[in-house]
Amino acid sequence: MLAALGFIAIAPCLTLDRGVNPKPTPYLKAKAMSQLVTIFGGSGFVGRYIARRMAKEGWRVRVAVRNVNEAMFVRPYGVVGQVEPVFCNIRDDASVASVMDGVDAVVNCVGVLDEVGKNTFSAVQADGAARIARIAASHGVERMVHISAIGADAGAQSEYSKTKAAGEAGVIEHMPQAMILRPSIIFGAEDQFFNRFAGMSRMGPVLPVIGADTRFQPVFVDDVAAAAVKGVLGEVEGGVYELGGPDVHSFRELMQVMLGVVRRRRLIVNTPFWMARVMAFGFGVVRTLSLGLVKGPVTKDQVINLAVDNVVSDDAKGFDALGLQPTAMEAVLPDYLWRFRPSGQYDAIKESAKNLKA
């Protein structure tokens, strides 16, 4: 879906940090350092924020990834040896079991937006999630947090949404008390949503979108991480939580907000769904003929997802139930989208200069 449309100081007393749980006293931190969490996909967009927060909580953090060399950046999140990337392939039982020894809690952040090779929706989001839960249970792991998505539905037309639902079912089967988080579109410095479209806004006077009237409730990545940490620490009960930011916007409105931040004027053009399906089919053919070397900007499954609103259900548990206050987009977007402005970091200076001349 996102493709169509990407840390420990020991204080002598409790101190508060914006959006972060109070830092433990040295005694509590020493106690926490004996606890270990394995975060599957811990170097990914959401996983890295969870890893950073768990390190701040004083836990040892095992970051389970497919490419260890690309995950080395997580090590400075804690003191020497506190955060360690390790190899794991969630499609293999032995590989998953190898990162479960001595673990007190697990977090699964692994998911795919597009199928590539053996990493299909079913293999990763359904079978992979169930495998992690099953092996965690067999190792006596106490708590599990699973990152799913709003729209997870066994009866959905989208394979992405169906396999997300299957993954949730597999987790609950083996870890009935698990916390399942269903975020809407996630934004943050490394996101593949606002960054993607902000980049596209530099290419011409028109900004095409699919599903301009579809509604979303963007949620800040560190708020999702804060929710996950509460589950790992056992501060809240298990179950399903739907996470959305304080505002609901249509796709078109989100693009207008983004354009305002990057200070560009573009014509937002909605691509009809029938046309988007034709385009996705064509891109799929090209991808098949090129043996996966050429990827289109949108897939058939993503087009299906873009036709469905992605907002928190009226009766769902959310941030309120977790005692958390979600962050507004306007407070975060300028911090990382400034580089897409016409003059980048100098744009604000130029505007100030104009005011002085006036």
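Residues numbered from 1 in each chain as written. Predicted model: local features only at pLDDT ≥ 70, side-chain atom pairs only at ≥ 80, totals over all residues. Heavy atoms only, no water.

1. A short note on the overall build of the protein chain
- Along its length, the protein chain carries 13 helices and 13 strands.
- Only carbon and sulfur atoms are counted for the fraction: they give 55% of the accessible area of the protein chain, which is about 16500 Å². (Helix = DSSP H or I, 4+ residues; strand = E, 2+ residues; numbered from the N terminus. Areas by Shrake-Rupley, 256 points an atom, 1.4 Å probe, with all protein chains shown as cover.)

2. Section: the packing of helix α2 (residues 47-56) against helix α7 (residues 221-232)
- Closest axis-to-axis distance for the α2/α7 pair is 8 Å, and the angle between their directions is 50°. As the angle between them shows, α2 and α7 are arranged oblique. Crossing of α2 against α7: the hand is right-handed. Together, Y49, I50, R53 and M54 of α2 and V221, D222, A225, A226, A228, V229 and V232 of α7 make up the contact between the two elements. (Axes fitted to C-alpha atoms, helices over the stretch in contact; angles between N-to-C directions. Parallel < 35°, antiparallel > 145°, perpendicular 65-115°, else oblique. Left-handed = near helix turned anticlockwise from the far one by under 90°. Contact = heavy atoms within 4.5 Å.)

3. With respect to empty space enclosed by the protein
- Taken as a whole, the largest cavity spans an internal volume of roughly 30 Å³.
- When grouped by side-chain class, the residues that make up the lining of the largest cavity number 4 nonpolar, 2 polar and 1 charged. (1 Å grid on protein atoms, 1.4 Å probe; cavity = no way out; pocket = protein on both sides within 12 Å on 5 of 7 lines; lining within 4 Å. Points joined across faces, edges and corners; volume = space filled by probe spheres on them. Nonpolar A, V, L, I, M, F, W, Y, C, P; charged D, E, K, R; others polar.)

4. Focus: the packing of aromatic side chains
- Tallying each qualifying case throughout the model produces 10 aromatic pairs.
- Centroid distance F193 to F197: 5.7 Å. Interplanar angle 70°. Geometry classified as edge-to-face. Each member of the pair, F193 together with F197, is buried.
- Taken together, the aromatic side chains of F187, F193, F194, F197, F216, F220 and F251 make up a single cluster linked through ring pairs. (Phe/Tyr/Trp six-rings, centres within 6.5 Å; stacked < 30°, edge-to-face > 60°. Buried < 20%, exposed > 50% of the residue type's maximum accessible area, 1.4 Å probe, protein only.)

5. Digging into the pairing of strand β4 (residues 105-108)
- Burial along β4 is two-sided: the residues A105 and V107 and V106 and N108 are all buried.
- Bridge analysis of strand β1 (residues 36-40) against β4 gives 4 bridges, and the strand direction is parallel. Paired with F40 across the two strands is N108, which belongs to β4.
- Looking at chain direction, β4 and strand β5 (residues 143-147) are connected through 4 bridges and run parallel. What sits directly across from A105, in β5, is R143.
- With respect to chirality, the unit in which β4 leads through helix α4 (residues 121-138) into the neighbouring parallel β5 is right-handed. (Pairing = 2+ DSSP bridges. Right-handed = clockwise from strand over helix to strand, strands pointing away.)

6. Some thoughts on the pattern of salt bridges
- Tallied over the full model, the rule gives 13 salt bridges.
- In this structure, R53 engages D222 in a salt bridge whose closest nitrogen and oxygen atoms are separated by 3.0 Å. Linking R53 in helix α2 with D222 in helix α7, this pair joins segments that are 169 residues apart in sequence.
- Through salt bridges with shared partners, a single network forms among D93, R131 and R134. (Salt bridge = Lys/Arg side-chain N within 4 Å of Asp/Glu carboxyl O.)

7. Overview of the layout of surface pockets
- Estimates place the volume of the second largest pocket at around 410 Å³.
- Around the second largest pocket sit 18 residues that line it, and D114, G284, R287, T299 and K300 are the ones nearest its centre.
- For the lining of the second largest pocket, the secondary structure elements donating two or more residues are α9 (273-289) and α10 (300-305).
- Counting residues per element, the lining of the second largest pocket draws most heavily on α9, which supplies 6 residues.
- Of the residues contributing to the lining of the second largest pocket, the split by class is 7 nonpolar, 5 polar and 6 charged.

8. A look at the sheet that holds strand β11 (residues 239-243)
- Strand order in this open sheet of 7 strands is β3-β2-β1-β4-β5-β6-β11, and the pairing throughout is parallel. Looking along the sheet, the strands with just one partner apiece sit at the ends: β3 (83-87) and β11. Going from strand to strand, the sheet's axes swing by 20° on average, the running direction of each strand aside.
- Contacts from helix α5 (residues 159-174) reach β5 and β6 (179-183) within the one sheet, and its direction differs from that of β5 by about 175°.

9. Considering a nonpolar patch on the surface
- Judged by side-chain polarity, W274, M275, V278 and M279 come together as a nonpolar surface patch covering roughly 390 Å² of accessible area.
- Mapped onto the secondary structure, M275 falls in helix α9.
- Taking the relative accessible area as the measure of exposure, M275 reaches 33% and is therefore partly exposed. (Patch = residues over 30% accessible without salt bridge, like charges linked within 9 Å, V, L, I, M, F, W, Y side chains within 5 Å.)

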